[in-house]
Structures are given as structure tokens and as C-alpha cells.
Amino acid sequence: QVQLVESGGGLVQAGGSLRLSCTASGHTFSTYRMGWFRQPPGKERELVAVIRWSGGSPYYADSVKGRFTISRDNAKNTVNLQMNNLKPEDTAVYYCAVATSVSLSASYYYSDKSYGYWGQGTQVTVSS
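Residues numbered from 1 in each chain as written. Predicted model: local features only at pLDDT ≥ 70, side-chain atom pairs only at ≥ 80, totals over all residues. Heavy atoms only, no water.

Help me get a handle on the sheet that holds strand E8 (residues 78–83), residues and values and all.
The strand order across the open sheet formed by four strands is E1-E3-E8-E7, and the pairing between neighbours is antiparallel. Looking at the sheet topology across the chains shown, the edges are occupied by strand E1 (3–7) and strand E7 (68–73). Between one strand and the next, the sheet's axes are offset by a mean angle of 15°, whatever the strand orientation. For E1 and strand E3 (residues 18–25), the ladder comprises five bridges, and the chain directions are antiparallel. Within E3, the position partnered with Val 5 by the bridge is Thr 23. (Pairing = 2+ DSSP bridges. Helix = DSSP H or I, 4+ residues; strand = E, 2+ residues; numbered from the N terminus. Axes fitted to C-alpha atoms, helices over the stretch in contact; angles between N-to-C directions.)

Lay out unusual backbone geometry with the relevant residues and their values.
With a phi close to 55°, Asn 77 is a non-glycine residue in the positive phi region. On the secondary structure map, Asn 77 appears in the loop between E7 and E8. The class for Asn 77 is buried, based on a relative accessible area of 11%. (Buried < 20%, exposed > 50% of the residue type's maximum accessible area, 1.4 Å probe, protein only.)

Can you break down the side chain of Asn 80 residue by residue, with the values?
Along the chain, Asn 80 falls in strand E8. Here Asn 80 is in contact with Arg 19, Leu 20, Ser 21, Cys 22, Trp 36, Thr 69, Ile 70 and Ser 71, once residues within four sequence places are set aside. (Contact = heavy atoms within 4.5 Å.)

Residues and numbers for the environment of Tyr 32, please.
Counting through the fold element by element, Tyr 32 comes out in the loop between E3 and strand E4 (34–39). Between the C-alpha atoms of Tyr 32 and Ser 101, which are 69 residues apart in sequence, the distance is 8.2 Å. Those residues in contact with Tyr 32 that sit more than four places away from it in its chain are His 27, Trp 53, Arg 72, Val 98, Ala 99 and Thr 100.

Structure (C-alpha cells):
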């Protein structure tokens, strides 16, 4: 059974940092793109970052570019999200996900509809 489990969420003051981790089990996802999404209160789920199997060409939403860093360790079947200089608008439930199909278009991976496996989510709250 495939499982993705996020960890590292919590409460932090604005300007602080958190590191989220996602560990997958039941399947090796080394050849798949993995991503982080978030869902702010009362809003739709949105893309945060995507990383390919090689770790190259990461994509970041404009709102987090320069502050967040996505990385993966295929040997450990994990994907991480380092979040620095957090802002109150970063408050959301954060999810890791694995794309279950492939596309020649990078933009294909910007949609949550392209991901078939999801973690349960971890809450990140940033206070002023």
C-alpha cells in the first residue's frame, strides 16, 4: 500500500523557518516527479513547488520563490521543503504528492490533477 507521510509542520512567527519532510513507502518514486501543494484556509489547493526525479529544474510558485527550496533524496524516498522567511500568508495545510503519469510539458505538473498519490497534510501556521 502506497503511503506518503508529511512531517515538520507547526506554529512559527513571521520571519521564521520550517522544514517539511515527506517520506513515501510501498513504492519507489525515484522516477516520478514529486511536488508540494498547500491549501490556505478558505482557498483552493495551490502549487508550491515541483521537482523532477533528478532533482534538477525545480519549479516554484511566484509567491514562494526565493524563500522556499524543494529537494529530494531518492535513496530515502523522501522529498523536503525548506521554508525560510515565512509570512502569515504562508499559513496553510501543506501536502506532498507524487505524479502518477508523465508529460513532455512541464506545465502538466503544475496542476494538482496530475498527481495521484497524496499525503495527509501537515499544518503550517505563521503568526505576526
